[in-house]
Amino acid sequence: MLDWRQVRPYVQALAAYAGEQPGEHPPTLAYALDLLHRLSEAIPELQRRAQEAQRQGWRGAIPWGEPLAARIPLPDALPHARVIAADGSQIYPDRHGPLPYFVVNIGLIEMRPGSGEPPRTWHHVLFWYREEDLFTEEGEMRALNDLEAERDIQELEQLAAAMAARADDPFGPPVGLADGLLLPWALARGEPFAALPAERYRELFRRTVGALEAARGTGGSLAGYVDRPTGHAVLRLLALGRPEGPDDYPFGRLRDRTVFARLLAPGERSALFAQTWPINDSLGQEGHRLLFFYLNVGTPGRPHVARVEIPEWVAQDPERLRRLHRALWDQCRILAEAPYPYLLTRAHELARIRSEERQRLEEMIQEELLRRGIRRLVSAKAQQKQWLG
């Protein structure tokens, strides 16, 4: 339990710190917007600088070809376009339990807004319990980032499979939505930082390419939706291209979303940019380089900017990109007071494993062990925790 006497001073300090932070960064924001417009058409030069800097370890955004200050308007409404969303959760192995296991629960939901059809929901469950699934060759339990990578790739694979099952929809190809990054985070970080065995890293890459290829084959659109993004990749690009030179980063704690909240009207999206993750060049060789844009899903006077991640084959097809743009806007209008894609909220609800469900699973395992005459005890540490409540 928490000692609230110790916690309270930290809560007070946190609130005071929040009150000291500038809300809009006015001078820095104005400078960033000015640079965004001044450099808007300098695409080849910015691409050259970014690619040179990337070879030296720089991380930021690379322009994909649209003017930096572009404001792409909301496309026309779609006739009952099918949208599919996926999210996942997990139960991690507990070495103090009677038996270690790892569970991934993927929740999926699809609907055609305006058609009058009720949403359809289903689940995909992964259950690991074998030694070779849960432990390394050295006898150590798999690292959490390895298990989380499995959850992430399962989400992408199941979403791609659901899209493939709806590729012949009479209202057009489906739109697939994932919560957060499209890539497993371990891949996005890069091999040296992922702390995964090399073969496991390569396996995740192959499976990612396979899922992206399956989604591309449907003719549909695929995106990862990041709500309240904290990145500053575009600002790092502006710093690289400014006439004064890139030596000093001038934007402090300003974030991209604040800049695009000022630039974009509700429904508008920004220009497209390429990621500079190390893995992205390898994905590009497979035809799946990842790009992103910012989208204002808010209302007049109340901007709400999300970052949307897409494979380049969505960006290369104007119709796929238009369908995605419109579908995201429509999804965020369903609960407009809290603009977030409705189906991603529902997918999260489907995926979430509640505490009572975890307890029921433990009871099922114990019952089945006893039925087979197997007695497995929890560790002494776990037993004492149970006694203490």
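Here, residues in each chain are numbered from 1, in the same order as that chain's written sequence. Selection of residues for local features in this predicted model requires a pLDDT of at least 70, selection of side-chain atom pairs for listing and counting requires 80 or more, and totals for whole chains, interfaces and linings are taken over all residues. Side-chain figures throughout are based on the complete set of non-hydrogen atoms in the structure, without hydrogens or water.

**Q** Please clarify how helix H11 (residues 278-285) should be interpreted in this entry.
**A** Think of an α-helix as 3.6 residues a turn; residues three or four steps apart then line up on the same face. Exposure categories follow from relative accessible area, calculated using a 1.4 Å probe and restricted to protein chains: below 20% of the type maximum is buried, above 50% is exposed, and the middle band is partly exposed. Only DSSP runs of H or I with at least four residues qualify as helices, and only runs of E with at least two residues qualify as strands; both kinds are numbered from the N terminus onward. Turning to H11, its buried residues number three or more, namely Ile279, Asn280, Leu283 and Gly284. The buried side chains of H11 occupy one side of the element, clustering within an arc of 145 degrees when seen end-on. We call two residues in contact when some of their heavy atoms are within 4.5 Å. The inward-facing, buried residues of H11 abut helix H6 (185-189), helix H8 (198-217), strand S8 (290-296) and helix H12 (312-315). Where H11 terminates, the next one or two residues include Gly287, which has phi positive at roughly 85 degrees. Here, the arc refers to the directions that run from the helix axis to the C-beta atoms.

**Q** Sorry if this is basic, but what is going on with a nonpolar patch on the surface here?
**A** On the surface, Val125, Phe127 and Tyr129 cluster together into a nonpolar patch covering about 300 Å² of accessible area. Structurally, the position occupied by Phe127 is in strand S4 (residues 120-128). Taking relative accessible area as the criterion, Phe127 reaches 34% and is therefore assigned partly exposed. A patch consists of residues whose relative accessible area exceeds 30% and which take part in no salt bridge; residues with like charges are grouped when within 9 Å of each other, and nonpolar side chains (Val, Leu, Ile, Met, Phe, Trp, Tyr) when within 5 Å. Methods summary: accessible areas were calculated by the Shrake-Rupley approach with a probe of 1.4 Å, and residue burial reflects only the protein chains presented. Criterion for a salt bridge: a side-chain nitrogen of Lys or Arg within 4 Å of a carboxyl oxygen of Asp or Glu.

**Q** Whenever I open this one, the sheet that holds S8 confuses me. Can you help?
**A** The strands making up a sheet associate through backbone hydrogen bonding, with each pair oriented either parallel or antiparallel. By definition, two strands form a pair when at least two bridges between them are found by DSSP. Spatial strand order, S1-S7-S8-S9-S6-S5-S2-S3-S4: nine strands in an open sheet with mixed pairing. The open sheet has two edge strands with one neighbour each: strand S1 (62-63) and S4. Direction of pairing for strand S2 (residues 83-91) relative to strand S5 (residues 175-179): parallel, over a ladder of four bridges. When the bridges of S5 are listed, Ile84 appears paired with Gly176. Here an axis means a line fitted to C-alpha atoms, over the contact stretch when the element is a helix, while the angle between two N-to-C directions is reported on a 0 to 180 degree scale. Of the strands in this sheet, S1, strand S7 (273-274) and S8 are in contact with helix H9 (residues 233-241), which crosses S8 at around 105 degrees. Contacting S7, S8 and strand S9 (305-311), helix H10 (residues 256-263) crosses the sheet at an angle of about 105 degrees to S9.

**Q** Can you walk me through helix H13 (residues 318-334) in this structure?
**A** With 17 residues, H13 ought to run about 24 Å at 1.5 Å a step, and its terminal C-alpha atoms sit 25 Å apart, in line with that. For H13, the full list of buried residues reads Arg320, Leu321, Arg323, Leu324, His325, Arg326, Ala327, Leu328, Trp329, Gln331 and Cys332. Put simply, Asp317 is the residue that caps the front of H13, since its side-chain oxygen is 3.0 Å from the backbone nitrogen of Glu319. One fewer than the residue count of a helix, multiplied by 1.5 Å, yields its expected span. Polar contact criterion, stated in full: a pair of N or O atoms within 3.5 Å, where within protein one must be able to donate a hydrogen and the other to accept it, and residues adjacent in sequence count only if both atoms are side-chain atoms.

**Q** Can you walk me through the nonpolar core in this structure?
**A** Within soluble globular proteins, side chains that are nonpolar generally end up buried alongside one another. Here, nonpolar core refers to any group of buried Ala, Val, Leu, Ile, Met, Phe, Trp, Tyr and Cys residues whose side-chain atoms link them within 4.5 Å. Core analysis: the largest hydrophobic core is formed by 100 residues, its most contacted members being Ile310 and Leu324. For this core, the leading source of residues is helix H5 (residues 144-165), giving eight residues. Every residue in contact with Ile310, bar those within four places of it in the chain, is listed here: Leu182, Leu222, Ala223, Leu272, Arg289, Leu290, Leu291, Phe293, Ala315, Leu321 and Leu324. Counting residues in hydrophobic clusters, the runner-up holds seven residues, among them Ile91, Val103, Ile353 and Leu369.

**Q** What should I look at first to understand the pairing of S9 in this one?
**A** Both faces of the sheet carry side chains from a regular strand, because those side chains alternate between them. Judged by how many residues are buried, S9 sits mostly within the fold: seven of seven residues are covered. Side chains Val305, Arg307, Glu309 and Pro311 of S9 all project onto a buried face; the interleaved residues Ala306, Val308 and Ile310 project onto the opposite face, where all are buried too. Summarising the sheet, strand S6 (residues 221-226) and S9 pair through three bridges and their orientation is antiparallel. Its bridge partner lying in S9, Val226 is registered against Arg307. With seven bridges connecting them, S8 and S9 associate as antiparallel partners. When the bridges of S9 are listed, Leu291 appears paired with Ile310.

**Q** What is the right way to look at the pattern of salt bridges in this model?
**A** Throughout the structure, instances matching the rule amount to 36 salt bridges. A salt bridge links Asp330 to Arg326, with the shortest nitrogen-to-oxygen separation between them at 3.0 Å. In this pair, Asp330 and Arg326 are both assigned in helix H13, four residues apart and thus about one turn of the helix distant. Among the residues examined, Asp330 registers a relative accessible area of 26% and is labelled partly exposed.

**Q** Any chance you could explain the packing of aromatic side chains here in plain terms?
**A** The relative placement of two aromatic rings is captured by the distance of their centres and the angle of their planes. Each aromatic pair joins two rings of Phe, Tyr and Trp (for Trp, the six-membered one) with centres within 6.5 Å, and gets the label stacked for planes under 30 degrees apart, edge-to-face for over 60, and tilted for any other angle. Applying the stated criterion across every chain, the model contains 10 aromatic pairs. Taking 6.4 Å as the distance between ring centres and 65 degrees as the angle between the ring planes, the aromatic pair formed by Phe127 and Tyr129 counts as edge-to-face. Plain terms: the ring middles of Phe260 and Tyr294 are 4.9 Å apart, the flat faces sit at 20 degrees to each other, and that makes the pair stacked. Here Phe260, found in helix H10, pairs with Tyr294, found in strand S8; they are 34 residues apart in sequence, far enough to count as distant. Ring pairs connect the aromatic residues Phe260, Phe273, Phe292 and Tyr294, which therefore count as one cluster. A cation sits over an aromatic face here: Arg120 above Trp122, 4.3 Å from the ring centre. Two thresholds decide whether a charge sits over a ring: the Lys NZ or Arg CZ must be within 6 Å of the ring centre and within 35 degrees of the ring normal. It is Arg269 that lies over the ring of Phe293; its NZ or CZ is 5.6 Å from the centre.

**Q** What is the right way to read unusual backbone geometry from this model?
**A** Keep in mind that most residues, glycine aside, have a negative phi and that most peptide bonds are trans. Despite not being glycine, His80 shows a phi value in the positive range, around 55 degrees. Inspection of the secondary structure assignment puts His80 in the loop between S1 and S2. Assessed through its relative accessible area of 26%, His80 is described here as partly exposed. Of note in this structure, Arg228 is not a glycine but carries a positive phi near 50 degrees. Structurally, the position occupied by Arg228 is in the loop between S6 and H9.

**Q** Where do I start with the environment of His304 in this structure?
**A** Position of His304 among the secondary structure elements: in the loop between S8 and S9. Residues His304 and Pro173, spaced 131 residues apart in sequence, show a C-alpha to C-alpha distance of 28 Å. Beyond its immediate sequence surroundings of up to four residues, His304 is in contact with Asp227, Leu295, Asn296, Val297, Gly298 and Pro339.

Read these as spatial facts, not as claims about activity.
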